[in-house]
Each structure stands twice: as structure tokens, then as C-alpha cells.
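Here is how the chains run, residue by residue.
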Amino acid sequence: MEKSRYELNKGLAQMLKGGVIMDVTTPEQARIAEKAGACAVMALERIPADIRAAGGVSRMSDPKMIKEIQNAVSIPVMAKCRIGHFVEAQILEAIEIDYIDESEVLTPADDVYHIDKRNFKVPFVCGAKDLGEALRRINEGAAMIRTKGEPGTGDIIQAVRHMRKINADIRRIHGMSEDELFEVAKELQVPYDLVAYVHKNGKLPVVNFAAGGVATPADAALMMQLGAEGVFVGSGIFKSGDPFKRASAIVSAVTNYTDAKLIAQLSENLGEAMVGINSDEIEIIMERRGQ
Amino acid sequence: MVIGVLALQGAFIEHKKMIESLGISCIEVRQAKDLEKIDGIILPGGESTVQGLLLKKHNIFEPLQKKIMEGLPVFATCAGLILLANEIEGDSSHYLGTLPVKIKRNAYGRQLGSFTTYQPFEDCSDFPLIFIRAPYISSISKDIDVLVENKGNPVAVRYKNQVAMAFHPELSENNKLHQYFIEKVVAQTLSPIV
């Protein structure tokens, strides 16, 4: 991939900052999400909570269904492919998806290799639970990072853990002396140049969103205060009692994430939140997929 | 001089850094009362549907529209251009509607259609134009100045106190358009040369 294309792809993620990306399964849901203020939608057949409930193998969505969602909204449309499944990614590129999520929510297709994302023109977002993982994905060509969290649970604890871990790692490297960076590159199993970037700038070279377990406006604001640049909401919206209201409230909470008075108002009368599953009580741990 | 950048959604930090690189202070505008503190405003890139919605929801829409009509200098990029346009193709409504141009959303297609090119702007022969899912200015009223053209089409325009462009100067290293806004629009408004 040429450098200017990668810059354009990172740039698109910059335009999504301060926004909420919502999982949708139908054109109708996509329209609701757009009206509620989603900055992008993630088109998928089943939301993570249902993937969890159904079990079995979970794959890329039907391209026809993705295209219908593309036609329904003017905001960017993302879609997921399995970890390592570069043909699913080629298909998504062929239908001109705006962003591919190489996602641990689907059943991995390769337990060793991630997709060589540098071979694609379309941008990729990948999950990470620590800095090493984030930089490895960036080295493979990811133009955006998100926390893995534990999707489909409505339990925020893993997303918090991942965001804190990534930012603690960044602060540690930012404060190091230059001669210590070589050892960090070895420890994190990433190229020296990426470590040097983090050391110099005190941030990732790409945008970093929170994902996995966000269910309430308070969850979204929590992730923003912890340093997320935006939020993915998966099952949290369309598994709740009043999706439009909840989606609008989460959008406003992300914009005004430090305004507790406003978030208090936004949190009133939202109806049923999604039924949560405690992430300690589940059998499939998605965050362990891909390293 | 204080510049505000609308900080509801999108790439507003990048603009803030550009303005600060010119030695000018820049604040984030999140509420209507912030408009009282500024001498010019930047409407950043992002998603116009989201920004338009949040402007209304947080009661900034009308005060901002009024300020712009009364002459508050405004610098708008990409989604910001869509917010200013008084006509949007395929849409019966518009947002602020203070700029007499007609625009087309996502006119170059999806992300695969995003591109970078270089065109002259003032004394700079290769000013970088970064288009990301950009809108297209399909027609302009006669009294609009074209600042930058790409293949014969206007991509940056000025109309009185409003400067708007379809691309993202804030993602480049070149702050010449921001400098133009500060010197030729904001400074002139603060102390007009008769």
C-alpha cells in the first residue's frame, strides 16, 4: 500500500473521532443509528450477544445485506471479517466497504497469522488489549485500533482493563530514555520505529477507540475519560428496550463526556439496558483470539 | 484574537494545533456561550449528519447561524462545508445554509475514492489537497471567490466572512490556508482597513 493511501485511511479514522460507531443488522437499524447520531455503522448479520448465544462458527456477513446497509445511509459503513481470513477481506474491499474490522467477534480463520493489511487499499481497524498487540496490528497495516473488551456481554470491565493497559504502556515508554527503547521493541515484539514514535509523541500513531461491553451513556463517558477517542457500541443499542433513545443518549455522552449533569439527564428513563452477562461467567473469551 | 473550533465530533484537535502553530490561541466550542468568547470559528471535518444533529440538540445551531450572518469569520472543512451550504443535492433540507453553494455528499464515492493531490494556492504552487469521502461543490453563486481549484472545479471558496473547502488542510503540514483565514478574514474583521 502506498504511503498516501495509508495516510488517507488514518485520516478517515480521525474524522470519526468523538463519535459513536454502532452495530446494525438491517437497513432499518442503520437508519435509526444514523438519525440518532452514529458517525459510522458496523454492518453484521448478528450482533455479538446473539453470536454468543448461537454458538458455532461465525463468519463475514452476506455481501447483499452489507450493500443494502451501504445504500441506506450516508455515513461510513464498516464490516467484519474473521482474523486471518484475507479472502473475506478481499470480498469486503470488492464491495467498497469503508472500513474492515478484522475482528475477534467472529470465529478466527487463522490461529497464527493476521491479515497482511498492507496489501489492501481499504482501511482496517483491529482490536488490542495492550500496546504490544496494538503496535503489531499497526505494523501489519491497521489504520485504527480499538480495545477488544468482551463483546456481547454488556460488561465494561475488559474494555476498561485494555484501555488502561494500553495507556499505561504508552506513558511508560513516553517517559523512558532513548537507549531503553531497543529493549522495549524486543519485549513488545514490535519494530523499533513504532516504539520510537510512541516515545516521542506519547500516543499511538493511529486513532484508538473503545469497544466491547459498552451499554450505557455512563460506560461510554467512562471510556472517553480513560482516553478513548470514540466508542463502538455493539449489542448495547439494539438489544435494549428503546434503541433510538439509548443511541442518542450515548452519542451526547461521548460529545460531553466530562459533563456529569448532562450525563445524568441523558441517563434518565432509557428503558431496559441490554441484559448483561458477567464476563467471568462466560465460556467463550473473545479477547484471547489473536495476539 | 481567539479562535474557536467546534468540538462536537470529528477532527477538531488537528485544527486547534494548526491555529496554535500560527501563535494564535484556540478554544473548543461545545456550548452556545462559548461563541461569545471568540473572534472566528472553525467547523472541522467529521460526519455532517452527526455534527448537524448535535448543533441542534445542544442549542448552538441558531446562535451560530446568527453570528455567521452577522459577520463572524468562519473556516469550514469537508463536513463543515456541508453544514454551511445552502443546498445539498438529494436532500430537501440544509443545515446553517449561510453559504450560497450547492454541494454533493460523498461525491467521489466511498473510502476507496479518497485521494490526495496538489494544486496552487496563492504563492504556493503545490498546496496539498487531502480529500476523504469528500463532498463536491457542484455550483456556486456569482459573487463567490474561488481560492483553490482542482481540475477546473472549485474546492476552496470564500464568500465574505466565510471560507470553506472540500478537503482537509488540517491533516497536512501546510498551514497556509489557516494563515489566510487569520490574516485576510479574522484580522480584517477585527480592524478593517478602510
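Scroll up to find the structure this text is about.
Residues numbered from 1 in each chain as written. Chains lettered and ligands numbered in written order. Predicted model: local features only at pLDDT ≥ 70, side-chain atom pairs only at ≥ 80, totals over all residues. Heavy atoms only, no water.

> How do you make sense of the overall build of chain A when you look at a structure like this?
A count of helices and strands for chain A gives 13 helices and eight strands. At 18 Å, chain A has a C-alpha radius of gyration in line with the 19 Å of a compact globule built from 291 residues. For chain A, the proportion of its 291 residues judged to be buried stands at 63%. Put simply, of all contacts in chain A between residues at least 6 apart along the chain, 67% involve residues at least 24 apart. Of the roughly 11,500 Å² of accessible surface on chain A, 49% is carried by carbon and sulfur atoms. Treating the 35 positive side-chain charges of chain A as one cloud and the 41 negative ones as another, the clouds have centres 1 Å apart. (Helix = DSSP H or I, 4+ residues; strand = E, 2+ residues; numbered from the N terminus. Rg over C-alpha atoms; globule rule 2.2 N^0.38 Å. Buried < 20%, exposed > 50% of the residue type's maximum accessible area, 1.4 Å probe, protein only. Contact = heavy atoms within 4.5 Å. Areas by Shrake-Rupley, 256 points an atom, 1.4 Å probe, with all protein chains shown as cover. Lys, Arg positive; Asp, Glu negative; His and termini not counted. Charge placed at Lys NZ, Arg CZ, Asp CG, Glu CD.)

> What's the story with the pairing of strand β1 (residues 2-6) of chain B in this structure? I'm lost.
The side chains of a regular strand alternate between the sheet's two faces. Residues and elements named next belong to chain B. Of all five residues in β1, four are buried; the element is thus mostly enclosed. Two elements, β1 and strand β2 (residues 25-29), share five bridges in a ladder whose sense is parallel. From the neighbouring strand, I3 faces β2, where its bridge partner is C26. Of the strand pairs in this sheet, β1 and strand β3 (residues 40-43) are connected by three bridges, and their pairing is parallel. Bridge pairing in β3 links I3 to G40. (Pairing = 2+ DSSP bridges.)

> How should I be thinking about the pattern of salt bridges in this particular structure?
Where side chains of opposite charge bring their charged atoms close, a pairing between them can arise. The final tally for this structure, using the stated rule, is 28 salt bridges over all chains. Two residues, A:K17 and B:E14, come together in a salt bridge whose shortest N-O distance is 2.6 Å. With A:K17 in the loop between α1 (3-16) and β1 (20-24) and B:E14 in helix α1 (residues 12-21), this pair bridges two chains. The same class applies to A:K17 as to B:E14, namely buried. The shortest N-O distance in the salt bridge between A:E133 and A:K148 comes to 2.5 Å. One end of the pair, A:E133, is in helix α6 (residues 131-139); the other, A:K148, is in the loop between β6 (144-147) and α7 (157-174), and 15 residues separate them in sequence. Taking the relative accessible area as the measure of exposure, A:K148 reaches 3% and is therefore buried. Several salt bridges converge on common partners, so that one network encompasses A:K80, A:D101, A:E104 and A:R146. (Salt bridge = Lys/Arg side-chain N within 4 Å of Asp/Glu carboxyl O.)

> Got a minute to help me understand the side chain of B:H15 in this structure?
Mapped onto the elements, B:H15 comes out in helix α1. Excluding its chain neighbours within four sequence positions, the residues that come into contact with B:H15 are B:V5, B:I42, B:P44, B:G45, B:F75, B:T77, B:E170 and B:H178.

> Help me understand the sheet that holds β2(B) in this model?
Within a beta sheet, neighbouring strands are joined by backbone hydrogen bonds and run either parallel or antiparallel to one another. All names here are of chain B. Pairing is mixed in the open sheet, where seven strands are placed in the order β2-β1-β3-β4-β12-β11-β10. Both outer strands of the open sheet, β2 and β10 (145-150), are each paired with one neighbouring strand and no more. On average, each strand axis in the sheet is tilted by 20° relative to the strand beside it, whichever way the strands run. (Axes fitted to C-alpha atoms, helices over the stretch in contact; angles between N-to-C directions.)

> I would appreciate a short explanation of the interface of chain A and chain B in the present structure.
Interface size, as often reported, equals the accessible area lost upon joining of the parts. In this complex, chain A contributes 37 residues to the contact, which on the side of chain B involves 33 residues. Summing both partners gives a buried area of about 2,600 Å² for chain A against chain B, and 54% of it is carried by carbon and sulfur. Three residues, A:L8, A:M15 and A:T255, lead the burial of chain A against chain B; their summed loss comes to 26% of the area buried on that side. In this assembly, chain A and chain B are joined by three salt bridges. The salt bridge involving B:R133 is made with A:D98; its shortest N-O contact spans 3.0 Å. (Buried area = accessible area lost by both parts, 1.4 Å probe.)

> Explain the sheet that holds strand β8 (residues 231-233) of chain A to me, please; I cannot follow it from the model alone.
Residue and element names in this part refer to chain A. An order of β7-β6-β5-β4-β3-β2-β1-β8 is seen for the eight strands of this open sheet, with the pairing classed as parallel. The open sheet terminates on both sides in strands that have one partner only, identified here as β7 (207-209) and β8. Taken over all neighbouring pairs, the strand axes of this sheet differ in orientation by 30° on average, direction set aside. As paired elements, β1 and β8 share three bridges and run parallel to each other. Its bridge partner lying in β8, I21 is registered against F232. Together, β5 (124-128) and β6 form the strand contacts of α6, whose direction differs from that of β5 by roughly 160°.

> What is the right way to read helix α10 (residues 217-225) of chain A from this model?
Residues three or four positions apart in an α-helix share a direction because the helix packs 3.6 residues into each turn. Of the residues making up α10(A), those classed as buried are A:P217, A:D219, A:A220, A:A221, A:M223 and A:M224. For α10(A), the elements touching its buried residues are α7, β8, α12 (243-255) and α13 (260-266) of chain A.

> Would you mind showing me how to read the pairing of strand β4 (residues 99-103) of chain A here?
Residues and elements named next belong to chain A. The buried fraction of β4 amounts to five of the five residues, a majority that puts the element mostly inside the structure. Of the two faces of β4, the one carrying Y99, D101 and S103 and the one carrying I100 and E102 are both buried. The sheet contact formed by strand β3 (residues 77-82) and β4 spans five bridges and is parallel. Considered in β4, the bridge of M78 is made with Y99. Crossover handedness for the path β3 to helix α5 (residues 86-94) to β4: right-handed. Where β4 meets β5, three bridges bridge the pair, whose relative direction is parallel. Within β5, the residue paired with E102 across the bridge is C126. (Right-handed = clockwise from strand over helix to strand, strands pointing away.)

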